[in-house]
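# Coordinates in review
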Amino acid sequence: FNSKPHGISTRLAAEMRDAQREGATAAKAAYVVSIDLPKDPHPRDVCPRIADVLLAKAYHQAGLAVDGPECVGAETVGNKVILRFRNAEGGLLAKGGGPLRGFALASSERFRWVWADAVIKGDTVEVSAPTVEKPEGVRYAYQDLPERGANLCNAAGCPAAPFRTDTQPTYTGEALNPGARRRGPARSDFIEDPRLPRVLIIGDSITSHYFHGV
């Protein structure tokens with residue numbers, strides 16, 4: 001599924017990643033992040049990460065760092081949003097050096113997304129934008145193909161998964177469950193309605209091509 005992203009709009013693949021991350025909270029499930037790898041990564045790029053996750057979580061092998069930073073809270077202070085993360089032992093880093101990329105911020109007045117500046121402060125990230133005085137939500141790498149890169153990781157080099165803190169309606173949620181509204185940033189709209197089937201989705205490329213028919 002390689003449609004070119006336009007602006008910072010919510011698209012299908014981005015929402016699928018949300019659903020995948022939520023599904024990984026189930027017992028005996030894991031979420032392997034590959035958003036920082038080159039477009040269309042080959043198995044040799046992803047398989048070592050999958051193997052490490054299996055060794056750490058299924059076979060309980062010690063000494064393997066497999067969990068990237070996970071956003072667990074967002075606090076608005078003035079014109080900034082301060083994001084708190086778990087799995088940030090040793091601090092947060094921008095992979096490859098340089099500034100953090102891929103963060104977007106929305107204003108509470110018109111809820112229009114703009115690219116934002118993000119600064120690491122220990123195990124938190126401060127997000128702001130010159131044109132946003134009253135921020136409402138933050139999104140990180142929340143596109144089909146994040147054009148601004150995704151370089152947030154922890155000291156162990158494990159990348160953060162794309163995420164969002166807003167509760168705006170989603171494309172898939174509105175299509176499959178008209179009128180639905182998100183009750184929190186960790187939920188996915190398309191499984192909110194108990195009448196809808198629960199579907200296990202593995203991968204976000206081949207499977208997403210058929211997702212409209214699910």
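Structural notes, computed from the coordinates. Just so you know, these numbers come straight off a predicted model, no measurement behind them.

Cut-offs and rules
- Starting afresh in each chain, residues are numbered from 1 along the sequence in its written order.
- Side-chain atom pairs in this predicted model are given and counted only at pLDDT of 80 or more, local residue features only at pLDDT of at least 70, and totals for whole chains, interfaces and linings cover all residues.
- The side-chain numbers reported here are obtained from all heavy atoms of the structure, hydrogens and water having been left aside.
- The criterion is simple. A nonpolar core is a set of buried Ala, Val, Leu, Ile, Met, Phe, Trp, Tyr and Cys residues joined through side-chain atoms within 4.5 Å.
- A simple rule labels every residue: compare its accessible area, found with a 1.4 Å probe on the protein chains alone, to the largest value its type can have, and call it buried under 20%, exposed over 50%, or partly exposed in between.
- Secondary structure elements follow DSSP: runs of H or I no shorter than four residues count as helices, runs of E no shorter than two count as strands, and numbering proceeds from the N terminus.
- The contact rule is simple, with two residues in contact once any of their heavy atoms fall within 4.5 Å.
- Pairs of strands are assigned from DSSP output, requiring at least two bridges between the strands.
- Every angle, taken between N-to-C directions, lies between 0 and 180 degrees, and every axis is a line fitted to C-alpha atoms, over only the stretch in contact when it is a helix.

### A word on the nonpolar core
In terms of nonpolar packing, the biggest core is built from 26 residues, with Leu83, Phe103, Val125, Val127 and Leu152 touching the most fellow members. Elements supplying a minimum of two residues to this core: strand E2 (80-86), strand E3 (92-94), strand E4 (103-107), strand E7 (124-128) and strand E8 (135-140). A per-element tally of this core places E2 first, with 3 residues. Discounting residues that sit within four places of it in the chain, Phe103 has contacts with Leu83, Val114, Trp115, Ala116, Ala118, Val125, Val127, Val138, Arg139, Tyr140, Leu152 and Phe163.

### Notes on the sheet that holds E2
Pairing in this open sheet of 4 strands is antiparallel, and the strands run E1-E2-E7-E6 from one edge to the other. Unpaired on one side and paired on the other, strand E1 (70-77) and strand E6 (117-121) mark the two borders of the sheet. Taking the axes of each pair of neighbouring strands and ignoring which way they run, one obtains an average angle of 25° across the sheet. Relative to E7, E2 runs antiparallel, the two being bridged by 4 bridges. Residue pairing for E7: Arg84 is matched across the bridge by Thr124.

The values are spatial; any link to function lies outside them.
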